[in-house]
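Commentary on secondary and tertiary structure
One letter stands for each residue in the lines below.
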Amino acid sequence: MKKDLDLNKVKRFAKSLRIVMNVFYWSSVIAIIIAAVLLTLIGFLPKEYLTAKHFLNGNGSFNFTFNGLQFSPGTSISENADFAPVIMSILGFVIIYGFALAVIFKQIRNILKTVETGTPFEKDNTKRLTIIGTVLIIGSFVFNAMNGLVTINIIKLFEWNKYSFAYSPDLFILFTGLLILILAGIFNYGAYLQNEYDTTL
């Protein structure tokens, strides 16, 4: 009886998490669509609409934060400096990052659905975990590359010759992806055992 109650709690918890993952999934999709639309619109905007004079503060200074770095170039930037490459690279980053998150959230949502139905070791979950791990491993290289592209465009925009960008993959995301691939192998073995058990019955 207690075992049944615990199982029901797990299923209810999985259902709640699945709803959250569904919200995250659609939020990622919406972010991708908005970024893609903005990226397209920028291509049709007159070049002068994206010059620095439209982004300067009332006192002629300009301050913003990206990736944890505070940029305060003050009045050193030209009013005719083109912000388009920076904005487009940021939107590109949003699209790529949003796509990766959408894929991951969708796979987690589907895995949680199998927990609800009481079949967590079904064969498809191995594929879902493999997809998540693969996306994370690829993302560990791509995300930092996109960060670097934005940073390089900012450096070029303000002509900060003393700054540079050193690329390296995100090791935390890389190792997380590898661990999930290992977990996928464990799930694959669990699915095999479940199939053997069902066959003997």
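All values derive from a computational prediction rather than experimental measurement.

Calculation criteria
Residue indices begin from 1 for each chain and proceed along its sequence in written order. The model is predicted, so local features are restricted to residues of pLDDT at least 70 and side-chain atom pairs to those at 80 or more, both for listing and for counting; the totals for chains, interfaces and linings are taken over all residues. Only hydrogens and water are set aside; all other atoms, that is, all heavy atoms of the structure, feed into the side-chain values. The secondary structure listing takes helices from DSSP runs of H or I that are at least 4 residues long and strands from runs of E that are at least 2 residues long, numbered from the N terminus. Per-residue accessibility, obtained with a 1.4 Å probe over protein chains only, is compared with the maximum for each type, and a residue is labelled buried under 20%, exposed over 50%, and partly exposed between these values. Under this definition, polar contacts are N or O atom pairs within 3.5 Å; protein pairs additionally need one hydrogen-donor-capable and one acceptor-capable atom, and for neighbouring residues in sequence, both atoms have to be side-chain atoms. Throughout, a residue-residue contact means that at least one pair of heavy atoms, one from each residue, lies within 4.5 Å. Within this scheme, the nonpolar core is defined by two criteria: the residues are buried Ala, Val, Leu, Ile, Met, Phe, Trp, Tyr or Cys, and they are joined through side-chain atoms within 4.5 Å. Ring pairs are drawn from Phe, Tyr and Trp, using the six-membered ring of Trp, whenever the two centres fall within 6.5 Å, and their geometry is named by plane angle: stacked under 30 degrees, edge-to-face over 60, tilted for the rest. Interaxial angles span 0 to 180 degrees and are taken between N-to-C directions of axes, which are lines fitted to C-alpha atoms, for helices over the stretch in contact. Angle categories are assigned with fixed cut-offs, so that under 35 degrees is roughly parallel, over 145 is roughly antiparallel, 65 to 115 is roughly perpendicular, and the rest are oblique. Less than a right angle of anticlockwise turn of the near helix away from the far helix marks a crossing as left-handed, whereas a clockwise turn marks it as right-handed. Following the grouping adopted for this structure description, the nonpolar residues are Ala, Val, Leu, Ile, Met, Phe, Trp, Tyr, Cys and Pro, the charged ones are Asp, Glu, Lys and Arg, and the polar ones are all others, Gly among them. A helix's residues, less one, multiplied by 1.5 Å, set its expected span. Two axes enter the bend calculation: one fitted to the seven residues ending at the residue in question, the other to the seven starting there, and the bend is the angle between them. Between Lys or Arg on one side and Asp or Glu on the other, a salt bridge is scored when a side-chain nitrogen of the former is within 4 Å of a carboxyl oxygen of the latter.

1. Remarks on the side chain of Asn153
- Of note, Asn153 is situated in helix H3 (residues 123-158).
- With a relative accessible area of 16%, Asn153 lands in the buried category.
- Within polar-contact distance, the side chain of Asn153 engages the backbone oxygen of Pro85 at 3.4 Å.
- Ignoring any residue separated from it by four or fewer positions in sequence, one finds Asn153 in contact with Pro85, Val86 and Ser89.

2. Things to note about the nonpolar core
- Ile104, Leu129, Ile132, Val135, Leu136 and Ile180 are the most contacted members of the largest nonpolar core, which has 13 residues in total.
- Elements that contribute at least two residues to this core include exactly helix H2 (84-116), H3 and helix H4 (171-200).
- It is H3 that provides the largest number of residues to this core, a total of 5 residues.
- Membership of the second largest hydrophobic core comes to 9 residues, among which are Phe83, Val86, Ile154 and Trp160.

3. Points about the environment of Gly185
- By the element assignment, Gly185 lies in helix H4.
- For the pair Gly185 and Lys127, spaced 58 residues apart in sequence, the C-alpha separation works out to 9.7 Å.

4. Brief notes about the packing of aromatic side chains
- Scanning the model with the defined rule gives 4 aromatic pairs in all.
- Considering the side-chain rings of Phe24 and Phe105, the 5.3 Å spacing of their centres and the 45° angle between planes classify their relative orientation as tilted. On the criterion of sequence distance, the pair formed by Phe24 in helix H1 (residues 2-44) and Phe105 in helix H2 is long-range, its members being 81 residues apart.
- On the basis of relative accessibility, which here comes to 39%, the residue Phe24 falls in the partly exposed class.

5. What about the packing of H2 against H3?
- Here H2 crosses H3 at 165°, and the two axes come no closer than 9 Å. It follows that H2 is roughly antiparallel to H3 by the angle criterion. With respect to the hand of their crossing, H2 and H3 are arranged in left-handed fashion.
- Per-class residue counts for the contact of H2 with H3 are 23 nonpolar, 8 polar and 1 charged.

6. Observations regarding H3
- A rise of 1.5 Å per residue sets the reference length of H3, with its 36 residues, at 52 Å; its end C-alpha atoms lie 53 Å apart and thus fit the reference within 8%.
- Gly139 marks the point of greatest bend in H3, at about 40°.
- Directly after H3, the chain includes Glu159, whose backbone phi takes a positive value near 55°.

7. Regarding the pattern of salt bridges
- In total, this model carries 2 salt bridges according to the counting rule given.
- With a closest N to O distance of 2.3 Å, Arg18 and Glu116 form a salt bridge. In this pair, Arg18 is assigned in helix H1 and Glu116 in helix H2, connecting sequence segments 98 residues apart.

8. Regarding the environment of Ala191
- Relative to the elements of secondary structure, Ala191 occurs in helix H4.
- On the accessibility criterion, Ala191 (8% relative accessible area) is buried.
- In sequence terms Ala191 and Thr126 are 65 residues apart; their C-alpha atoms lie 8.2 Å from each other.

9. A look at H2
- Between its first and last C-alpha, H2 extends 47 Å over 33 residues, near the 48 Å set by a 1.5 Å rise per residue.
- Within two residues after H2, Gly118 carries a phi angle of roughly 80°, on the positive side.

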